[in-house]
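Tertiary structure, described
The chain contents come next:
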Amino acid sequence: MSEPMDDAAGYYELGEPIRDTKAPGGPIETRWETREFEARIANPANRRRLSIIVVGTGLAGASAAATLGEAGYVVKSFCYQDSPRRAHSIAAQGGINAAKNYKGDGDSVYRLFYDTIKGGDYRSRESNVYRLAEVSRNIIDQCVAQGVPFAREYGGLLDNRSFGGVQVSRTFYARGQTGQQLLLGAYQALERQVAAGSVRCYSRHEMLELIVVDGRARGIIVRDMVTGEIETYFADVVVLATGGYGNVFFLSTNAMGCNVTATWRAHRKGAYFGNPCYTQIHPTCIPVTGAHQSKLTLMSESLRNDGRIWVPKKAADCDKDPRDIGEEDRDYYLERIYPAYGNLVPRDIASRQAKNMCDEGRGVGPEVDGVRRGVYLDFTEAIERLGRQAIENKYGNLFDMYAQITGEDPYRVPMRIYPAVHYVMGGLWVDYDLQATIPGLFVTGEANFSDHGANRLGASALMQGLADGYFVLSNTIRDYLADGPFERIPEDHPAVREAQESVRTRIETLLAPGGSRSVDSYHRELGHIMWEYCGMERTADGLRKAIDLIRGLRADFWRNVKVLGSAEGLNQSLERAGRVADFLELGELMCIDALHRRESCGGHFRAESQTEEGEALRDDENFAYVAAWEWTGDGEKPVLHKENLTYEFVEMKQRSYK
Amino acid sequence: MKLTLKIWRQPDPTAAGGLQTFVVDDISPDMSFLEMLDVLNEQLNAEGTEPVAFDSDCREGICGMCGLMINGEAHGPTRTTTCQLHMRSFADGDTITIEPWRASAFPVLKDLCVDRQAFDRIIASGGYISVNTGAAPDAHAMPVAKEHADRAFDAATCIACGACVASCPNASASLFLGAKITHLGELPQGQAERDYRVVQMTAQHDAEGFGGCTNIGECAAACPKEIPLDVISQLNWDLHAAMRHGR
């Protein structure tokens, strides 16, 4: 076996391997059923005495809180927004996958499983992914019963479409607002439990610390964002459904408030962080217009079903009106390079090729810092073929959104798109039960690392969030809760005192006078570093440089950040400062993870690992594992625990979309 | 662009608030309205003045968290959410007045932030279909005619921003309420609880202190999701039906 060059030597220590001990063996088809059966049941009479904290109210959090409430547990649900219904799942546009095979086009649980393993570039667990595909069917049933208004055909049955990189039609959708409709379904189920008294919601509350007592997760410290009060809540088990950390890049398609604080605080308390460098860059976003940009807007990649992507063949044409550029002068580069998949290649390929075209000087749209960062997504042919009405029915709200933001009419002028950070596959490490390395801490949805490997397929995030929340967690958490209720914890327990004290000290430090730079300016600078060196294409030199830059920036932040206002009452600068402080720690770990993984895999491209044709080259011999990172203290080297991935059912192949 | 901003400032829920004037310069027409406020806040922070508090989250027009009265209009001059309003809708030299939603059921928390939890309580009172997880029949067991599915969808796109309430002279939330009644009532799955739902939700709406509907229509005109006014007719129709059924 060849020893890989360890680019990250000196940046980390190697620890003991880690293993998922919860997934049963045997045929893949029976593993989930076996686990459901073997997981103990908490006595129904006892459930009224078992308490659960769920942080986050997106698809994974709201569905979990509602389902656990229905099961009879005492649930507390927290979110930083003013209502649980605002969580960022709401912005997902395209759809949700399910192996229903309603189209009779050869889909099956096994095919969805196979596609997801392959799409994740062989960096996810077979057991987890099979379960995901299996329960995908129940999700659609559940959502329809809740009144989610999915798109339907004239016969009254559900419509499906095919979605990014997949050759069957298994994606259920609700116009371009699937996430919104699914989230409202989960939110309504949650509010039903609020009315029933089984769930209590705390909105405008932000989790700032995890309480660990005798090795178990037993509660959280939150800040009431309206009064500024620091509050402590205890439970028998804590569930984090707090979403992804794409905002470490400052500009992303995430909501302004999306952050890593809950999972990062848990990481610092002992939860391993899985594959932090696995980031998904989404190819169809609206390009940046200037330095004031606060976020990027994604348009569903379903647009790639009918839109054709191109750039001018000649750089000299780049500032022309696209309608004046003749067919012979256009380069439909995805159709040219990948004739079998064309515009439907997976997200990472579409993204990287768009960047390559712009780096070659053939990008379009306004110049920002001397480069035109955009490519055309053209519907002219689709409108001619299907008619404007058909396009309006399918994509109307996306076209409106584009027109609103850019001031251009996409029915007449080709859209301009550019990649943006959209989703993170990395997250807290969990076993098959969705339990982190801290007993009693469960992690669902984007906040965990589990099901998407090194790249997530389109329409699979909604599937995973709801699978975890509706069907998986409630069946695994009961095994842990069967040993409860656990001993009551006094408010003055040293671990609780310590957690409260650290939260207060941190807030005081952030508010200390004397600083001169705003929180946003630090966040922007961190984002630039991450995008430049830990984005679509990475090199060892670049990553080492990024680590140095981040360390310098973090030190400066704590000396020089300027946060006005007080700890009492609503203070949005203070909220942001706490989140950016955690991003500054996470960013370094992401770079170390990226540095040590000297292979191109899934959504990320390592320049040192490519084929002669310049395509991504995976290294299964050396990197077919999950990197689970352990926190060892401020300024200390993180410890890497490897979970080896073995494939019993799917054969590992190099991806080829040519 | 150079703009004069008159912004409502109020330190906490109980304090008296008032309009304060600020000037921002170098505003690009491509900025969103909230990015313009970001620029103001960076400027205030540099000057040592506490930034203006305002809510926003997704900034792509779907979460419903943002919402400002801009020159007396909910979400400003174009029919969209505040986050999707762009500065190209204004001209150099304009004076813009920015206030929070005005309604007693939406108390001001600070500056431009209001408390909209009344909406959550209205949904909790009956805005759902009662089905426990795992208890659902196959999704194809119950076909829904496309016209019903489409109408349900149109009503379901409400983002609960509160613009309907803010623009209504009576501070009524009838459009919000009617949207949910129509969404769930249009579907076969929603029939079993239809009477109960409309009675409970209407009672909660009134208990929260929202006003009655007098068919003015400002709500539908201001709604960024273009929820049609006929959802209020549907609400009234359903309420009458429920009363006829003795609810």
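Fair warning: this is a prediction, and the values are worked out from it, not measured in the lab. (Residues numbered from 1 in each chain as written. Chains lettered and ligands numbered in written order. Predicted model: local features only at pLDDT ≥ 70, side-chain atom pairs only at ≥ 80, totals over all residues.)

**Overview of the overall build of chain B**
- In terms of helices and strands, chain B carries eight helices and seven strands.
- Overall, chain B is about 60 × 35 × 35 Å in size when its C-alpha atoms are taken along their principal axes.
- Residues counted as buried form 54% of the 247 residues belonging to chain B.
- Taking all contacts inside chain B whose residues are at least 6 apart in sequence as the whole, residues at least 24 apart take part in 70%. (Helix = DSSP H or I, 4+ residues; strand = E, 2+ residues; numbered from the N terminus. Buried ≥ 20, exposed ≤ 12 C-beta atoms within 10 Å, placed from the backbone. Contact = placed C-beta atoms within 7 Å.)

**Focus: the interface of chain B and chain A**
- Contacts between the two partners involve 65 residues from chain B, matched on the other side by 62 residues from chain A.
- Elements represented by at least two residues in the side of chain B that touches chain A include exactly α1 (33–47), β6 (108–110), α2 (117–124), α3 (146–156) and α5 (174–185) of chain B.
- Top contributing element to the side of chain B that touches chain A by residue count: α1 of chain B, with six residues.
- Of the residues in the side of chain B that touches chain A, the class split is 30 nonpolar, 19 polar and 16 charged. (Nonpolar A, V, L, I, M, F, W, Y, C, P; charged D, E, K, R; others polar.)

**Some words on the domain arrangement of chain B**
All names here are of chain B.
- Along its sequence, chain B is carved into domain 1 (3–110) and domain 2 (117–244).
- The centre of domain 1, based on its C-alpha atoms, is set 29 Å off from the matching centre of domain 2.
- Looking at side-chain class alone, the side of domain 1 that touches domain 2 contains eight nonpolar, seven polar and two charged residues. (Domains from an automatic or database assignment.)

**Topic: helix α10 (residues 347–359) of chain A**
Residues and elements named next belong to chain A.
- With 13 residues, α10 should reach 18 Å at 1.5 Å per residue; the first-to-last C-alpha distance of 18 Å fits that figure.
- Burial runs high along α10: 11 of the 13 residues are buried.
- Within α10, burial applies to Arg-347, Asp-348, Ile-349, Ala-350, Ser-351, Arg-352, Gln-353, Ala-354, Lys-355, Met-357 and Cys-358.
- Phi turns positive one or two residues past the end of α10, at Gly-361, with a value near 90°. (Expected span 1.5 Å × (residues − 1).)

**A word on helix α15 (residues 519–533) of chain A**
Residues and elements named next belong to chain A.
- The end-to-end C-alpha distance of α15, which contains 15 residues, comes to 22 Å, matching closely the 21 Å that a straight helix rising 1.5 Å per residue would cover.
- For α15, every residue scored as buried is listed here: Val-519, Tyr-522, His-523, Leu-526, Ile-529, Met-530 and Tyr-533. Down the axis of α15, the buried side of the element spans an arc of 125°, and every buried residue falls inside it.
- Buried residues along α15 sit in contact with β21 (537–538), α16 (540–560) and α17 (572–596). (Arc of directions from axis to C-beta.)

**Looking at unusual backbone geometry**
- Omega for the bond connecting Gly-484 of chain A with Pro-485 of chain A falls within 30 degrees of zero, at -5°, which places this linkage in the cis form.
- Its place among the elements puts Pro-485 of chain A in the loop between α13 (461–481) and α14 (494–511).
- In this model, Ala-459 of chain A sits at a positive phi of 70°, which is unusual for a non-glycine residue.
- For Ala-459 of chain A, the position within the fold is in the loop between β20 (441–443) and α13.
- Positive phi values are uncommon outside glycine, yet Asp-26 of chain B reaches one of about 55°.
- Tracing the chain through its elements places Asp-26 of chain B in the loop between β2 (18–24) and α1.
- Residue classification places Asp-26 of chain B among the exposed residues on the basis of 9 C-beta atoms within 10 Å.

**A word on the sheet that holds strand β8 (residues 216–224) of chain A**
Residues and elements named next belong to chain A.
- Taken together, the three strands give an open sheet; going across it, the order is β7-β8-β9, and neighbouring strands pair in antiparallel fashion. The open sheet has two edge strands, β7 (205–213) and β9 (230–234), and neither has a second partner. When strand polarity is set aside, the average angle formed by the axes of neighbouring strands in this sheet is 25°.
- When β7 meets β8, the two strands line up antiparallel, connected through eight bridges. Looking at β8, one finds that Val-212 is bridged to Ala-217.
- Taken strand by strand, α14 contacts β7, β8 and β9, and its axis lies near 145° from that of β7. (Pairing = 2+ DSSP bridges. Axes fitted to C-alpha atoms, helices over the stretch in contact; angles between N-to-C directions.)

**Notes on the domain arrangement of chain A**
Residues and elements named next belong to chain A.
- You can read the domains of chain A as domain 1 (57–278 + 423–481), domain 2 (282–421) and domain 3 (498–644).
- On a C-alpha basis, the centroid separation for the pair domain 2 and domain 3 is 30 Å.
- Contacts between domain 2 and domain 3 engage five residues on the former and five residues on the latter.
- Sorting elements by how many residues they give to the side of domain 2 that touches domain 3 places α10 first, with four residues.

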